[in-house]
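Residues per chain are reported as follows:
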Amino acid sequence: MRIVHKLSDLRRAVAGLRGDGAAVALVPTMGALHAGHMALVEAAQASGAKVVASIFVNPKQFGPTEDLARYPRPAEADTKLLTEHGCDLLWMPGVDEMYPAGFATNVSVSGVSDGLDGAARPGHFDGVATVVAKLFNQVRPDAAYFGEKDFQQLAVIRRMVADLDFGLEIVGVPTVRESDGLALSSRNAYLSADERARAVALPLALTAAKRATEAGERGAIPAAMASLAAAGFAIDYVELVDAATLGEPVPGRPRRLLAAARIGTTRLIDNLPVAASTNV
Ligand code: AMP
């Protein structure tokens, strides 16, 4: 697997991959790679495309009190994992390559960015949309793969691609979980053994609330919040929304249940699909 750090090298390397007429798929990441990221690489490979992964810990999507400085950066292990999985090219720009002096543009997707994590983390989705727009222009892929784990991020990117005519396919990949149900996340590395044991309350609460909601029961969300609080989580939100707009649920349309909560100093997010219902 070739690794490039400069935009000029990236352009040449991508042109090389396309040489024999192959499609190119992009898998954007912030590194600290795990089986969830590899599911994106595998899905991209299954499409027959050449796969470009990117690793960039994007300062613009971290708030001033967030974990930018301590975010894990295990470059060697990441490179090894991508090589083992047969990734074709790794794009690893430095911060100065991504945001040279004088950089002044912000991509902001309103509506779908506003609630949930957008409300809890002001500016986060502007940072995501800005860097993803740049990655799309840098790599010019035919398709890009994102995890449903970051469900609101996926919705923001779909909106941006439609609005700005990027002309590439966005593919969402289901969340990869540990055997007890906890969604794989680079941030799970922050959890102590005790916190890790309690963290399973997050997928359990969502699963119970999904079932109760689909069974037409009321009070599923307060019950989920109570079980998260009992496990020691500080809750940012537990919300049931329309799966496409992330606004109010609409009768007959697929819904999504999303949660964000902090255990100790670690913030975890998760979400599950909830079947459409005629009486929301
Ligand atoms: P990150 O490195 O956390 O920015 O994530 C990079 C990409 O991997 C995003 O599209 C995430 O949604 C996706 N991803 C992260 N964790 C998982 C997971 N457990 N299952 C599937 N995709 C994931």
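Quantities reported herein were computed from a predicted structural model and do not represent experimental measurements.

A few words on the overall build of the protein. When you go through the protein residue by residue, the secondary structure sums to 10 helices and 9 strands. Relative to the 2.2 N^0.38 estimate, which gives 19 Å for 280 residues, the radius of gyration of the protein is 19 Å and therefore close to what a compact globule would have. When the backbone C-alpha atoms are referred to their principal axes, the protein occupies close to 55 × 40 × 40 Å. Buried positions account for 51% of the 280 residues belonging to the protein. Long-range contacts, defined as pairs at least 24 residues apart, comprise 72% of the intrachain contacts of the protein with a sequence gap of at least 6. Of the roughly 12600 Å² of accessible surface on the protein, 54% is carried by carbon and sulfur atoms. Between the averaged position of the 28 positive side-chain charges in the protein and that of its 31 negative side-chain charges there is a distance of 1 Å.

It is worth spelling out the nonpolar core at this point. Ranked by internal contacts, the top residues of the largest apolar core, which has 44 residues, are Phe136 and Ile170. Contributing elements (two or more residues each) for this core: helix H1 (7–18), strand S2 (24–29), strand S4 (89–91), helix H6 (124–139), strand S5 (143–147), helix H7 (151–163), strand S7 (234–242) and strand S8 (255–263). Of all the elements, H6 adds the most residues to this core, at 9 residues. In terms of nonpolar packing, the next biggest core, distinct from the first, is built from 23 residues, Ala205, Ala209, Leu240 and Leu268 among them.

The next subject is the sheet that holds S2. Ordered by their spatial adjacency, 6 strands build an open sheet running S1-S4-S3-S2-S5-S6, and the pairing between neighbours is parallel. The sheet terminates laterally at strand S1 (2–4) and strand S6 (169–173), the two strands that pair on one side only. In this sheet, neighbouring strand axes are inclined to one another by 25 degrees on average, regardless of whether the strands run parallel or antiparallel. Where S1 meets S4, 3 bridges bridge the pair, whose relative direction is parallel. If you follow Ile3 over to S4, its bridge partner there is Leu90. Each of S1, S2, strand S3 (50–55) and S4 is contacted by H1, which is oriented at about 155 degrees to S4, the strand it contacts most.

Moving on, we get to the UniProt feature "binding site: (R)-pantoate" (unreviewed entry) in the protein. Here, UniProt's "binding site: (R)-pantoate" (unreviewed entry) annotation points to Gln61 and Gln153. In summary, the annotated positions, though distributed over 93 residues, converge in three dimensions, the widest C-alpha pair being only 11.3 Å. Considering the arrangement of structural elements, one finds Gln61 in the loop between S3 and helix H3 (75–84). Given the relative accessible area of 9%, Gln61 is considered buried. When sequence neighbours within four positions are dropped, the list of residues in contact with Gln61 reads Met30, Glu66, Arg121, His124, Gly127, Val128 and Val131. Considering the arrangement of structural elements, one finds Gln153 in helix H7. A relative accessible area of 17% means that Gln153 is categorised as buried. Those residues in contact with Gln153 that lie beyond four places of it in its chain are Phe125, Val128 and Phe146.

Quick notes on the rules
- Residues numbered from 1 in each chain as written.
- Predicted model: local features only at pLDDT ≥ 70, side-chain atom pairs only at ≥ 80, totals over all residues.
- Heavy atoms only, no water.
- Helix = DSSP H or I, 4+ residues; strand = E, 2+ residues; numbered from the N terminus.
- Rg over C-alpha atoms; globule rule 2.2 N^0.38 Å.
- Buried < 20%, exposed > 50% of the residue type's maximum accessible area, 1.4 Å probe, protein only.
- Contact = heavy atoms within 4.5 Å.
- Areas by Shrake-Rupley, 256 points an atom, 1.4 Å probe, with all protein chains shown as cover.
- Lys, Arg positive; Asp, Glu negative; His and termini not counted.
- Charge placed at Lys NZ, Arg CZ, Asp CG, Glu CD.
- Core = buried A, V, L, I, M, F, W, Y, C linked by side-chain atoms within 4.5 Å.
- Pairing = 2+ DSSP bridges.
- Axes fitted to C-alpha atoms, helices over the stretch in contact; angles between N-to-C directions.
- UniProt positions renumbered as here; feature names shortened; annotations may be inferred.

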